[in-house]
Amino acid sequence: MTHGLTDAQFIDKVASFLWPYYIVLALMNGVAALYLWRTGQMKTWFSLPVPGSGKSVPISNVVAWVVAAVGFVLLAAFAGNSNVSWMPSMPLSWQEAINQASGPVMYSLGTTVGLIVLFIFRRFFVTPAIAWTIWNLMLLFLGLSMTDRDFFEIIAKPDNVPIVMLVLLLSFFTWLATYRAVINDDRMDRGEPPLEKLDNEKVLVWPDLVYTELICMIALTAFLIFWAIALPAPLEEPASSVKTPNPSKAPWYFLGLQEMLVYFDPWMAGIVLPVTVVIGLMAIPYLDFNREGNGYYTIKQRKFSYIVFQFGFLEMWITLIVLGTLLRGPNWNFFGPYEQWDAHKVEALANVNLSEWFWRDLLGKSLPTAPAGSNLPTQIGFIGLREWLGIALVLGYFIALPPIMALTVFRRYYQKMGFIRFMLMANLLLLMASLPIKMVLRWVVQLKYLIAIPEFFLNF
Amino acid sequence: MPGLGETIRESQIWKSIFRHPMPVDRRNRIVVMLTNFFLHLHPVSIKKQGIALSYTWCMGGVTFFLFLVETVTGVLLMFYYRPTVEWAYADIQMLRDVHSLGILREIHRWGAHAMVITVWLHMYRVFLTGSYKPPREFNWVVGVLLLLLTLLLSFTGYLLPWDQLAVWAITVGSNMARAHPFLGHEGPGQQLLTVGGVDMITNASDARFALLGAREVGEETLNRFYILHCIAIPLGVALLLAIHFWRVRKDGGISGPL
Ligand code: HEM
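In this text the structure is predicted, and so the values were computed from the model without any measurement.

S.K.: Quick question: what am I supposed to make of empty space enclosed by the protein here?
M.R.: Over the atoms, a rolling probe the size of a water molecule traces out where space has been left empty. Summed over all chains, the structure comprises one cavity of 30 Å³ or more. When its volume is computed, the largest cavity comes out at roughly 30 Å³. What lines the largest cavity is Ala177(A), Thr178(A), Ala181(A), Tyr297(A), Thr298(A), Ile299(A), Tyr306(A) and Leu128(B). It is helix H8 (residues 161–189) of chain A that provides the largest number of residues to the lining of the largest cavity, a total of three residues. For the lining of the largest cavity, a count of residues per class yields six nonpolar, two polar and no charged.

S.K.: So what exactly am I meant to see when it comes to the coordination of the iron atom of the ligand here?
M.R.: Tetrahedral coordination by four donors places them ideally at 109.5 degrees to one another around the metal; octahedral coordination by six donors ideally gives 90 or 180 degrees. Residue and element names in this part refer to chain B. The iron atom of the ligand binds to the protein through His122 (NE2) and His244 (NE2), with metal-donor distances spanning 2.0 to 2.1 Å. One can describe the donor arrangement at the iron atom of the ligand as octahedral, given that its six donor atoms subtend angles of 86 to 179° at the metal. Note that histidine 122 is positioned in helix H7 (residues 104–128) and histidine 244 in helix H11 (residues 219–250), a separation of 122 residues in sequence.

S.K.: Before we go on, may I ask you to explain the UniProt feature "transmembrane region" (unreviewed entry) in chain B in this structure?
M.R.: Residues and elements named next belong to chain B. With numbering aligned to this structure, UniProt lists the feature "transmembrane region" (unreviewed entry) at residues 55–81, 140–160 and 225–246. This span, residues 55–81, is 89% helix and 0% strand, and a straight line between its end C-alpha atoms measures 41 Å. Between the C-alpha atoms that bound residues 225–246 there is a distance of 30 Å. The span itself is 100% helix and 0% strand.

S.K.: Could you clarify how one ought to interpret the site of the ligand in this entry?
M.R.: Residue and element names in this part refer to chain B. Neighbouring the ligand are 25 residues, the closest being His122, Arg125, Gly143, His244 and Ser255. Backbone polar atom of glycine 61 to an oxygen atom of the ligand: 3.5 Å apart, as the coordinates give it. Mapped by element, the contributors of at least two residues to the shell around the ligand are helix H5 (59–80), H7, helix H8 (137–159) and H11. Top contributing element to the shell around the ligand by residue count: H8, with six residues. When the residues that make up the shell around the ligand are grouped by side-chain class, the tally is 12 nonpolar, 11 polar and two charged.

S.K.: What is the right way to read the interface of chain A and chain B from this model?
M.R.: You'll often see interface size given as the accessible area lost when the parts meet. Taken together, the 96 residues of chain A in the interface contact 91 residues of chain B. Interface of chain A and chain B: buried area, both sides summed, is about 8600 Å²; carbon and sulfur atoms make up 73% of it. Between chain A and chain B we count three salt bridges in total. For Arg109(B), the salt bridge goes to Asp159(A), with nearest N and O atoms at 2.7 Å. For the pair chain A and chain B, the number of links is 37 residue pairs in polar contact (both at pLDDT 80 or more). No other element matches the 16 residues that helix H10 (residues 205–230) of chain A contributes to the side of chain A that touches chain B. Residue composition of the side of chain A that touches chain B, grouped by class: 61 nonpolar, 16 polar and 19 charged. Across three bridges, strand S3 (residues 202–204) of chain A lies against strand S1 (residues 45–47) of chain B in antiparallel orientation.

S.K.: Can you help me understand the side chain of Glu106(B) in this one?
M.R.: Residue position: Glu106(B) is located in helix H7. Although buried, Glu106(B) forms no salt bridge, and the nearest oppositely charged side chain, Arg105(B), lies 5.3 Å from it. Apart from the residues within four sequence positions on either side, Glu106(B) is in contact with Ala228(A), Leu231(A), Pro232(A), Ala233(A) and Gly111(B).

S.K.: Any chance you could explain the packing of H7(B) against H8(B) here in plain terms?
M.R.: Two numbers describe a pair of packed helices, the interaxial angle and the distance between the axes. All names here are of chain B. Following both chains from N to C, one finds H7 and H8 inclined at 160°, their axes separated by 10 Å at the closest point. Viewed along their axes, H7 and H8 adopt a mutual orientation that is roughly antiparallel. In this structure, the crossing between H7 and H8 has a hand that is left-handed. Here Arg109, Ala112, His113, Met115, Val116, Val119, Trp120, Met123, Val126 and Phe127 of H7 lie close against H8, whose contacting residues are Trp140, Leu147, Thr150, Leu151, Ser154 and Tyr158. Among the residues making up the contact of H7 with H8, the classes are represented as 12 nonpolar, three polar and one charged.

S.K.: Help me out: how do you make sense of the pattern of salt bridges in this one?
M.R.: Between side chains of opposite charge, pairing is possible as soon as their charged atoms come close. All names here are of chain A. Counted by the stated rule, this structure contains 20 salt bridges over all chains. In this structure, aspartate 186 and arginine 123 form a salt bridge, with 2.8 Å as the shortest nitrogen-oxygen distance. Of this pair, aspartate 186 sits in helix H8 while arginine 123 is found in helix H5 (residues 122–125), placing the two residues 63 residues apart along the sequence. For the salt bridge of arginine 328 with glutamate 259, the shortest nitrogen-to-oxygen distance reads 2.8 Å. Placement of arginine 328 in the loop between helix H13 (303–327) and helix H14 (354–362) and of glutamate 259 in helix H11 (residues 255–260) is noted, with a sequence separation of 69 residues between them. Overall, arginine 328 belongs to the buried group, its relative accessible area being 3%. Among the charged side chains, a network of salt bridges with common partners joins Arg187, Arg190 and Glu192.

S.K.: For this particular structure, what's the right way to read the pairing of strand S2 (residues 56–60) of chain A?
M.R.: Each regular strand carries side chains that alternate between the two faces of the sheet. All names here are of chain A. Relative to S2, strand S1 (residues 44–49) runs antiparallel, the two sharing five bridges. Counted as the bridge partner of threonine 44 is serine 60 from S2. Connecting S1 to the next strand, S2, in antiparallel fashion are six residues, including glycine 52 with a positive phi near 85°.

S.K.: I would appreciate a short explanation of the domain arrangement of chain B in the present structure.
M.R.: Split by domain assignment, chain B resolves into domain 1 (1–43) and domain 2 (53–250). Using C-alpha coordinates to define each centre, domain 1 of chain B is positioned 40 Å away from domain 2 of chain B.

S.K.: Sorry if this is basic, but what is going on with the nonpolar core here?
M.R.: A general tendency of soluble globular proteins is for nonpolar side chains to be buried together. One finds Tyr22(A), Phe313(A), Phe422(A) and Trp120(B) to be the most contacted residues of the largest nonpolar core, which totals 166 residues. The leading source of residues in this core is H7(B), at 15 residues. Discounting chain neighbours no more than four positions away, the residues touching Tyr22(A) are Phe72(A), Leu75(A), Ala76(A), Ala79(A), Pro88(A), Leu140(A), Gly143(A) and Leu144(A). Listed in part, the 10 residues of the second largest apolar core include Leu209(A), Val32(B), Leu39(B) and Ile46(B).

Thresholds applied
Position labels on residues start from 1 in each chain and follow its written sequence. Key to labels: chains lettered from A, ligands numbered from 1, both in the order written. For a predicted model such as this one, the threshold for reporting local features is a pLDDT of at least 70, and the threshold for listing and counting side-chain atom pairs is 80 or more; totals across whole chains, interfaces and linings nevertheless cover every residue. To obtain the side-chain values, all non-hydrogen atoms of the structure were used and water was disregarded. As defined here, a cavity is a set of points on a 1 Å grid over the protein atoms alone where a 1.4 Å probe fits but cannot get out. A pocket is an open set with protein on both sides within 12 Å along at least five of seven lines, and residues line them when an atom is within 4 Å of a point. Grid points are joined across faces, edges and corners, and a volume is the space filled by probe spheres set on the points. Only DSSP runs of H or I covering at least 4 residues are called helices, and only runs of E covering at least 2 are called strands; the numbering of each starts at the N terminus. Gly is placed with the polar residues, together with every amino acid not listed as nonpolar (Ala, Val, Leu, Ile, Met, Phe, Trp, Tyr, Cys and Pro) or charged (Asp, Glu, Lys and Arg). In this description, a donor is an N, O or S atom within 2.8 Å of the metal centre, a cutoff extended to 3.2 Å for sodium, potassium and calcium. Water is not part of the atom list, which can make sites seem incomplete. Square planar and octahedral assignments, for four and six donors respectively, both demand that opposite donors be over 155 degrees apart and that all other angles lie between 65 and 115; tetrahedral needs four donors with all angles between 85 and 135 degrees, and anything else is irregular. UniProt positions are given in the numbering used here, feature names are shortened, and annotations may be inferred rather than shown by experiment. Note on terminology: near, applied to a residue and a molecule or strand, indicates that one of the residue's heavy atoms is within 4 Å of it. Any N or O atom pair separated by 3.5 Å or less is treated as a polar contact, with the protein-specific requirement of one donor-capable and one acceptor-capable atom, and with residues adjacent in sequence counted only for side-chain atom pairs. In what follows, residue pairs with any heavy atoms lying within 4.5 Å of each other are defined as contacts. By buried area we mean the combined loss of accessible area, with a 1.4 Å probe, across both parts when two parts are placed together. Within this document, salt bridges are pairs made up of a side-chain nitrogen of Lys or Arg and a carboxyl oxygen of Asp or Glu, the two lying within 4 Å of each other. Strand pairing requires that DSSP identify at least two bridges connecting the strands. Per-residue accessibility, obtained with a 1.4 Å probe over protein chains only, is compared with the maximum for each type, and a residue is labelled buried under 20%, exposed over 50%, and partly exposed between these values. Under this rule, positive means Lys or Arg and negative means Asp or Glu; His and the chain ends count for nothing. What counts as an axis is a line fitted to C-alpha atoms, over the stretch in contact for a helix, and the angles between N-to-C directions run from 0 to 180 degrees. The scheme is simple: roughly parallel for angles under 35 degrees, roughly antiparallel for over 145, roughly perpendicular for 65 to 115, oblique for anything else. Left-handed describes a crossing in which the near helix is turned anticlockwise from the far one by less than a right angle; the clockwise case is right-handed. Each domain's extent was defined by an automatic or database domain assignment. The nonpolar core is taken to be a set of buried Ala, Val, Leu, Ile, Met, Phe, Trp, Tyr and Cys residues, with the residues joined through side-chain atoms within 4.5 Å.

Set out below in structure tokens:
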């Protein structure tokens, strides 16, 4: 997309996007300040003493967002300036550091830890001032990074633009939902009804709802037209069955599944796990026997289902999509956000199967193999012998673990749910957990397959 | 002298369409909801929190609107597009370079991406407000099917421009079907489906072949995906949407605290 542009032309191109971008951010902060001021929500955070005068200036949230707006106006001015060296961008040393630090392990652990921290300290993070600061920093990070060619290549690829929108929208709505859940949980602790209960009064659909819908439709149409004019739909070279692009990627909404191919064979990542996701989603209302938290935002009253769902949705679906789309390059190698997609990057792959480890490394023998020309039952017997440890582990995981769960941590659930429902839930949970477990095994002991039966395409 | 507006509203034509005066008073605001075909999807009155943007995020409605946008722009695109290997790419190129209304394809494509995002957000909201709990369990299931069909709509449409991006994305995606347990020719267990030493599941009879209509993504695949994309899946979505909306009403309207 930016091939064939000189550096100066590239910066020009980015600048034509960046200065309006910063202006929008400035407006956003300005509007926020205005809103807080006009609705009387101004809060003084601290007082800044003016040196030499003995007086002090109160710094309130309104002042802070006005300052932020001014800051963005300045950034817009620098970005729009024709002098390239003034272009605000992420310092090279930071880019280097981020590239160095990032990798599949760091990324997955980082997002997991991040989400856990957000969850545990949600009371702090949902405070409007904190959330707004984070929101500004996210957008600033995006703006400063855009001047890097490799970053720009990936983010501004027309079909990747939706991912950026998805991440921003999800951040916003997750904040909104958590914010309301925190308030509701506090209210209900005090014995008050949730916020939703306060709006119990009935209104006529015409005009209250019909007009809201109309305004939504107009706004959305305007937005779509703007998007369509600003960003042409991609059309690459005509299809050719001989020229394989590297990387070849599925559409972005399936890239979480494609990312799973790193850890699982296609029959798992492409068939069993997606089917599990669909069945698991459909089963939610029948498995969640908790009658509380119906019709209002809450976390406290349904912690278990909340955590499971958020782990599945935010961590295993969304972050894997982001990883697969933005950070996986040629040969599905991992590339940092500011790293060039080099098709010749080699990554040492020294993964071993459990059976290889067991027979070769532990016992110092060669793998059991059926004599040449033996019949099918003999072959299967030898395969069973070769893979017995993995088979035992996997069967134990799916068959022995659910009853143990029912007798220990999930005792109360088992009693409430009965045998069939509990077994379904336990197996869905275990299937879901199999992905992170395999990830960790891969990272820590370079495990390739627990069960490796390539003879029957049965690798697990 | 009656004004023009009044003359129109007093005319027989107008009155034959709208069977009541302007909805400016309570009575007629109720009547309009009951007599207008498009509005009768809604109830007449509703709890305030059920229409609060901070509660529903309007995401179900936005998804539905995007589906309508896709339908209209999709029909228009069909005028300009022939689903054959010979013409598909050239027709899309023409849409870009020659025809006026140059943003038709853009609106359709970005609308499709947006629909995937909003349907996820809608599901997210329904989960977070616990709205799948009784009595709305079944509507959640209908919703999951709608989610699946939305993704399939997007996936089948991705192939139609017939460029490198399209063909290889579909190749990568549909390669998974090759590994379908039992039904894919490289899937575990396919050897079991052997009759008298003859393999039943080969690359010309497996799940992937059924999806593509051929061994590779080709002419047959384009035809298959085109029909799925323009006819079969939209009909499925329309049917499920009717059920979905019907059930929202029958399950007692938008959820809320008891
Ligand atoms: C094409 C996709 C879909 C469309 C157009 C759609 C549309 C709608 C609309 C307009 C509503 C009314 C309330 C609102 O706007 O939030 C609604 C409610 C609902 N939807 Fe969907 N929906 C879709 C997919 C889904 C999915 C994927 C799920 C869940 C997996 C789902 C589950 C529900 C449930 C349970 C309700 C009732 C919510 C309540 O009473 O609070 N829908 N849907």
